[in-house]
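Residue-level listing of the chains:
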Amino acid sequence: MIPILIGITIISFAVIHLAPGKPTDLMVQLKPNVDLEAREKLNQIYGLDKPIYVQYFNWIKKLARLDFGRSFIDNRPVMEKISERLPVTILINVLAMAIIFLFSIPIGVKSAVRRGSVFDKTTTIFVFMGFAAPSFWIGLLLMSFFGVRLGILPVSGIASLDFENFTLIHKVLDVMRHLVLPVSVISIGGLAGISRYMRQSMLGVISQDYVRTARAKGLPEKTVIYKHALGNALLPIITILGLSVPSLISGSVIIETIFSIPGMGRLMFESVFTRDYNVIMAGLVVSAFLTLFGNLIADIAYAYADPRIRYGK
Amino acid sequence: MMKQIFRNNQAVFGAGIILLLILVAVFAPKIAKYDPAFINIQSALLGPSLEHPLGTDSLGRDLFSRMIYASRIALLIGFIAMGLALGVGVIFGSLAGYFGGKTDSIIMRFADIMLCFPRFFLILAVIAVVGPNIFNVMVIIGLTGWMGMARLIRAEILSLKTRDYVSASRALGASHFFIITKHLIPNGIGPVLVSFVFGVAGAILTEAALSFLGLGVQPPNPSWGNILMEGKAVLGVGWWVIIFPGLAILITVLAFNLLGEGLRDALNPRVER
Amino acid sequence: MQNRKNRQKSKRIFLIPLFITIAVFFSLTISLPGQENFPDPEGKTGTPTYGDAFVVGEIGDARTLIPILASDSPSSYIVDLVFDGLIKYNTSVELVGNLAESWDIEEDSLVIVFHLRKNVKWHDGYPFRAKDVKFTYECLIDPKVPTPYSGDFKMVKSVEVADDYTVKIIYKEPFAPGLTSWGMPIMPKHLLEGENLLTTEFARNPIGTGRYKFKRWKTGERIDLVSNHEYFEHRPYIDRYIYRVIPDSATMFLELETLGIDSMGLTPLQFTRLTETPFFKKRFQKFKYPSFGYTYMAYNLKDDKFKDKRVRQALNYAVDKKEIIDGVLLGQGKVSHGQFVPESWAFNKDVKPYPFDPKKAKKILEECGWRDRDNDGWLDKDGRRFEFTILTNQGNDNRRMTAEIIQRRLKDIGIKVNIRILEWSVFLNEFVNKKKFEAIILGWGLGREPDCYDIFHSSKTKEGEFNFISYANPRIDRLLIEGRRTFDLEKRKEIYNKIHEILYDDQPYMFLYVPDSLVAVHNRFQGIKVSPIGITYNFIDWWVPRDRQRYTY
């Protein structure tokens, strides 16, 4: 775990610092009247006149205190910027994840159990389409249909203008209304992947000996499927849960940009355009940590679900 | 039996579309009626017609021609980026699998670390530093996509290297290089190729997303992603500028995924018995 | 039998989440109270009433609300509403008092004395005094403060506080643009003294004297302002001003159509095509006024090809500016006549733009020795082809398209043009500042003050300065200095008219176009009047009839 943490910081740092030119060049050049003296001063402030390993150690020392420095753009602490953006991103992705699992498990199970049926074929086609369609395209289509054509859902943002004057229930409903489209777009993409995994996993389990034995013993089919097979088929899905964290975070860039949601993804995107290197580095580190965290949770869940692991096998 | 054909059909269907796409890309100048960059303001935003089968964009450029040329970019980026990823993945994976020990743990740890980063974030960050253009996008997508392949080939090699013919070869004094390239990689490449096909689909999607955000292929070079970006600006008056490039991406990615599935099933008879 | 049961069961587990989701989805699409309130589209006249909110959509979020550090347009936008300068422009583009009631120019134009308004309070209730002016000046010239606005204030010798309501500005030499520079928003001394402007909380919680008070800033989402009831002119009728950040122009337009915002700047395409629907016309009013700026193609005058004035003039004949405006701006702009825009008092009406005349261009070029000697379709001279590269920055489609049109037109007269699009910082740093270019396409956003010393004076050619084309004309140099020293408006007008004329004749740039500003505003807002300085100058007089107010909280 620790070497991976260190590795993450090294890569994040290297991505930005191995490039020709210094980040402060970019800070200076947008304001033509900052003269050379100021440039030198900036270099000193950011320690860019020191050797690269010294810079890295200084950075990591601060990072240990969760201090990512300040944004080049508005001079606010990077951590503050990230922590105000992170909750929305997490909320959207957790909701999407819930919907994905709610749907993909039944779809996967059913198409595995009734392999080759019309249901299997149609869901397969649907799932493949969902997987192949670019999320920004789906987003645009949904937005123009539900938002503009029908005018029944908000087009962008996460809350109405008079949000703070609403009652609590009204507030919750308002946020949910705003999240319907973004969460749907994420779910459509995710649904495809997970239900596919579920189907494969289920197929694998069904062909196992113990399921056959159960069947042979004359147990009712639904007991066989839902008691014996499903539990085991779900195990690999838990791992997938952990593994899908990075792709969900990746997807948030697009979703948040299209729907104007002020989350992590958009912060990253904006920072790329303004070359706000401190924020970019922090974004990389934080998102990688989140992934690790996701994997950790998945591991724990797996251990809980699979008795073999508990015996230290 | 029927199922088998259905499955195979999928793969054949995918391969057929891919072949068609490759032909379109190769013969783009023959197929496209217009110069994809030719601006004619008088004919801006015309709907589909005989003259312009897919309509025109906000600068009066023929959308069909642009889409045709964009297929070149999509395939180019898909294949070259994943080719790069394949190369890196196979080299790292076979080294790790064959030599084991320190080499293995260093390489696989590195892969684990890379896998921790949300890929799109990593790509964005690198683009912020090196700037967006076709070449950079290709290289970056490639260099962030090798980890899965490295894992696969390593696993294959781990099981292959204990086989008798490998031991025999070693006993006969064959070099490591010879054993890896002649015995191990050819025998273990199957799953990696499946992953390659899926990877191409992913790379095409990633490029489209980057171009859609204005961080990929730069105009006036057409790419499905940046045509869609332009389409977004005419939402409401030019549905064709949005619908067609999206469909093109969908169909292409679908084709690669179908082919990938088919290949995987062919290699994985256990599940699909 | 078993099989059927199983089928039912699996159907059920599949249906439950489906049902839940569909139910949630539809319940969320039902509109909530206070959500939609489509106003009756008939306009109403009558006496102004207070209330309602104005919601404007913008692409970018503000960065800092410290006035002297705000250099990007979103920040300046908010700063303008929250703060005031000593003076401002009226609708005839003349300087009038703002925080200053009046001013005197004394001692051969070396001294400006501002008489400040006495009834002005900061939003925290503290009275506004002369020391705030001096404090703002001190911040502006503080070398530790990275403000882009210090240039004009470096000409100031000292700022003296005569009494609480009188400030005396003493210049090192007579400096006419100096007066305009006091449009700079004034900052409160009692809140900022001793603060580090780069890290102070004030940057996100500003206190000003302006029409609107800062209320809240949700980063990346919105900035809320509320009307300043004590505003010295009068209380603004619109109670709230909400600045919404929508980072994408297409999404923003959808928000406008669904009334998520009341106003936005339109692209030419949106202005000419997307807003011509009955739906839109029923709900919105559109405004169009010229912007104070222009787009040009600059030549590197150190380059042999462009040293001859006649060649530059020939190129100007060869490019059809009207075509560019029609193609790029969809007609929403005017041909640029040179350095000053038609709305500026410095604009010389006698300067006529060149007609589009490729034959004449060819003739002039031939006189200069450029002709197609080797019959390859391109002009040449001394064995070298007339070929050059236009550089411009990425991300600005208008500039790219302009370059493409120029490329095509110059091809017609036998000049080969290449286009290279560069990433903005590389473009600026490696090519423009280092003067490594043949021609570039860029734009200037101009103030109302016509002083263009920084752009055309021959001393301003160092790396990073604005005369990157190395323009040097002793007559222009002299006139530029004279223009800065002359306070008499009539005399200044003569000087700048002359500058205008000489520059257009010299063609250091190919002056291309002046784009129009295009704005849509919901039609419940009354009292909007278009002027040469835009529409928001009288925002405090905009109002909404009570029965059409949308935001009543």
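Here, residues in each chain are numbered from 1, in the same order as that chain's written sequence. Going through the entries in the order they are written, you letter the chains from A and number the ligands from 1. In keeping with the model being predicted, local features are shown solely for residues with a pLDDT of at least 70 and side-chain atom pairs are shown and tallied solely at 80 or more, while totals for entire chains, interfaces and linings include all residues. Calculated side-chain values reflect all of the structure's heavy atoms, with hydrogen atoms and water omitted.

**Some thoughts on the overall build of chain A**
What counts as a helix is a DSSP run of H or I of at least four residues, what counts as a strand is a run of E of at least two, and both are numbered from the N terminus. Secondary structure assignment for chain A yields 13 helices and zero strands. N-terminal to C-terminal, the α/β element order of chain A is α-α-α-α-α-α-α-α-α-α-α-α-α. Buried positions account for 56% of the 313 residues belonging to chain A. Sequence separation of 24 or more characterises 72% of the internal contacts of chain A that already satisfy a separation of 6 or more. Residue exposure ignores everything except the shown protein chains as possible cover, and the areas themselves are Shrake-Rupley values with a 1.4 Å probe. Roughly 13500 Å² of accessible area belongs to chain A as shown, and the carbon and sulfur atoms make up 68% of that amount. Residue burial is assigned from relative accessible area. The probe radius is 1.4 Å, only protein chains are included, and a residue is buried under 20% of its type maximum, exposed over 50%, and partly exposed in between. Working rule for contacts: check all heavy atoms of both residues, and any pair within 4.5 Å makes them a contact.

**Some remarks on the overall build of chain C**
Per the secondary structure count, chain C includes 18 helices and 20 strands. Along the three orthogonal principal directions, the C-alpha set of chain C runs to about 95 × 85 × 45 Å. Across the 553 residues in chain C, those meeting the buried criterion constitute 56%. Counted over contacts in chain C with a minimum sequence separation of 6, partners at least 24 positions apart contribute 69%. A distance of 6 Å separates the average location of the 83 positive side-chain charges in chain C from that of its 76 negative side-chain charges. When charges are tallied, Lys and Arg are placed among the positive residues and Asp and Glu among the negative ones, while His and the ends of the chain are skipped. By convention, the point assigned to a charge is CZ for Arg, NZ for Lys, CD for Glu and CG for Asp.

**Overview of the interface of chain B and chain A**
Counting residues at the interface gives 47 residues for chain B, matched by 52 residues for chain A. Two parts placed together each lose some accessible area under a 1.4 Å probe, and adding up what both lose gives the buried area. For the chain B and chain A pair, buried surface summed over both sides reaches about 4300 Å², with 78% attributable to carbon and sulfur atoms. Basic side-chain nitrogens of Lys or Arg form a salt bridge, by our definition, when they fall within 4 Å of a carboxyl oxygen of Asp or Glu. Connecting chain B to chain A are one salt bridge. Residue Glu261(B) pairs with Arg196(A) through a salt bridge whose shortest N-O separation is 3.1 Å. N or O atoms within 3.5 Å of each other form a polar contact, as long as, within protein, one can give a hydrogen and the other can take it, and as long as residues adjacent in sequence are counted only when both atoms are side-chain atoms. In this structure, the connection of chain B to chain A is made through five residue pairs in polar contact (both at pLDDT 80 or more). Element by element, the count of residues in the side of chain B that touches chain A is highest for helix 12 (residues 239-267) of chain B, at twelve residues. Residue classes in the side of chain B that touches chain A are distributed as 33 nonpolar, four polar and ten charged. Here the nonpolar group is Ala, Val, Leu, Ile, Met, Phe, Trp, Tyr, Cys and Pro; Asp, Glu, Lys and Arg are the charged ones; every other residue, Gly included, is treated as polar.

**Quick notes on the pattern of salt bridges**
Residue and element names in this part refer to chain A. Considering all chains together, one arrives at 45 salt bridges over all chains under this definition. Taking the shortest distance from any N to any O, the salt bridge between Arg76 and Glu84 comes out at 3.2 Å. Judged by its relative accessible area of 32%, Glu84 is partly exposed.

**Here's the deal with the interface of chain C and chain B**
Chain C puts 14 residues into the contact, and the matching count from chain B is 16 residues. Here chain C and chain B share an interface that buries about 1400 Å² over both sides, 64% of which is from carbon and sulfur atoms. The three residues of chain C that bury the most area against chain B are Leu269(C), Arg273(C) and Arg400(C), which together make up 29% of that side's buried surface. Along the contact surface separating chain C from chain B lie zero salt bridges. Taken together, the connections running from chain C to chain B amount to zero residue pairs in polar contact (both at pLDDT 80 or more). Among the elements of the structure, helix 7 (249-257), helix 8 (268-274), helix 12 (321-328) and helix 14 (397-412) of chain C are those that each provide at least two residues to the side of chain C that touches chain B. Of all the elements, helix 14 of chain C adds the most residues to the side of chain C that touches chain B, at five residues. Considering only residue class, the side of chain C that touches chain B consists of five nonpolar, two polar and seven charged.

**Considering the domain arrangement of chain A**
Residues and elements named next belong to chain A. Each domain's limits were defined by an automated method or a database of domain assignments. Here chain A is partitioned into domain 1 (2-64) and domain 2 (83-311). Residue-level contacts link twelve residues of domain 1 with ten residues of domain 2. Both faces considered, domain 1 and domain 2 share a buried interface measuring about 1000 Å² in area, 88% of it formed by carbon and sulfur atoms. Our count for the domain 1 to domain 2 interface comes out at zero salt bridges. There are zero residue pairs in polar contact (both at pLDDT 80 or more) connecting domain 1 and domain 2. Mapped onto the side of domain 1 that touches domain 2, the elements with two or more residues apiece are helix 1 (2-17), helix 2 (23-29) and helix 4 (52-64). Across the side of domain 1 that touches domain 2, the residue classes tally to ten nonpolar, two polar and no charged.

**Notes on empty space enclosed by the protein**
Think of a ball as big as a water molecule: rolled over the atoms, this probe shows where empty space is left. Grid points spaced at 1 Å over the protein atoms alone were grouped into cavities, where a 1.4 Å probe fits but cannot get out, and pockets, open sets with protein on both sides within 12 Å along at least five of seven lines, with lining residues defined by an atom within 4 Å of a point. Grid points are joined across faces, edges and corners, and a volume is the space filled by probe spheres set on the points. A full pass over the atoms with the stated rule returns four cavities of 30 Å³ or more. In this model, the largest cavity occupies a volume close to 90 Å³. Lining of the largest cavity is provided by Gly157(A), Ile158(A), Ala159(A), Ser160(A), Leu161(A), Ser260(A), Glu221(C), Arg222(C), Arg244(C) and Val245(C). Tallied by class, the residues present in the lining of the largest cavity amount to four nonpolar, three polar and three charged.

**Focus on the confidence of the model for chain C**
Residues and elements named next belong to chain C. For every residue, the predictor states its confidence as a pLDDT score lying anywhere from 0 to 100. Of the residues in chain C, 91% have a pLDDT of 70 or more, and the chain-wide mean is 86. In this model, residues 1-7 is a region of pLDDT below 50 whose contacts with residues beyond four sequence positions or in other chains number seven contacts. Predicted complex, confidence summary: ipTM 0.86, pTM 0.79.

**A closer look at a negative patch on the surface**
Residues and elements named next belong to chain C. Note that patches include only residues with greater than 30% relative accessible area and no salt bridge, and the join distances are 9 Å for like charges and 5 Å for nonpolar side chains (Val, Leu, Ile, Met, Phe, Trp, Tyr). A surface patch of like charges, here negative, comprises Asp104, Glu106, Glu107 and Asp108. Considering the arrangement of structural elements, one finds Asp108 in the loop between strand 4 (100-106) and strand 5 (111-116). Judged by its relative accessible area of 71%, Asp108 falls in the exposed class.

**Examining the sheet that holds strand 5 of chain C**
All names here are of chain C. Pairing between strands is defined by DSSP: at least two bridges between the two strands are required. Within the open sheet, the four strands sit side by side as 4-5-7-6. Their pairing is antiparallel. The open sheet has two edge strands with one neighbour each: strand 4 and strand 6 (156-163). The mean inter-strand angle of the sheet, taken between neighbouring strand axes irrespective of direction, is 20°. Bridge analysis of strand 4 against strand 5 gives six bridges, and the strand direction is antiparallel. Residue pairing for strand 5: Glu106 is matched across the bridge by Val111. Here the axes come from fitting lines to C-alpha atoms, over the contacting stretch only for helices, and the angles between their N-to-C directions go from 0 to 180 degrees.

**Examining the pairing of strand 8 (residues 212-218) of chain C**
Bridge count between strand 8 of chain C and strand 9 (residues 222-227) of chain C: six bridges; the pairing is antiparallel. Bridged to Phe214(C) within strand 9 of chain C is Leu225(C).

**Quick notes on the nonpolar core**
Take the buried Ala, Val, Leu, Ile, Met, Phe, Trp, Tyr and Cys residues and link them wherever side-chain atoms come within 4.5 Å; each set so joined is a nonpolar core. Core analysis: the biggest nonpolar cluster contains 167 residues, and Phe136(A) and Met202(A) have the highest contact counts within it. Residue contributions to this core peak at 15 residues, all from helix 10 (residues 221-258) of chain A. Counting the residues that make up this core, at least three belong to each of domain 1 (2-64) and domain 2 (83-311) of chain A. Residues contacting Met202(A), with those up to four places away along its chain left out, are Val109(A), Ala112(A), Val113(A), Ile225(A), Ala229(A), Leu230(A) and Ala233(A). Counting residues in each nonpolar core, the second largest holds 78 residues, with Trp370(C), Ala403(C), Leu442(C) and Phe468(C) among its members.

**Looking at helix 18 (residues 489-506) of chain C**
Residue and element names in this part refer to chain C. Expected helix span is given by 1.5 Å per residue-to-residue step, counting one fewer step than there are residues. An ideal rise of 1.5 Å per residue puts 26 Å on 18 residues; helix 18 measures up with 25 Å between its terminal C-alpha atoms. In the core, the buried residues of helix 18 are packed alongside helix 5 (177-181), helix 11 (309-318), helix 16 (453-456), helix 17 (474-485) and strand 20 (509-522). One side-chain oxygen at the N-terminal end of helix 18 lies 3.1 Å from the backbone nitrogen of Glu490; it belongs to Asp488. One or two residues past the end of helix 18 sits Gln507, with phi positive at roughly 50°.

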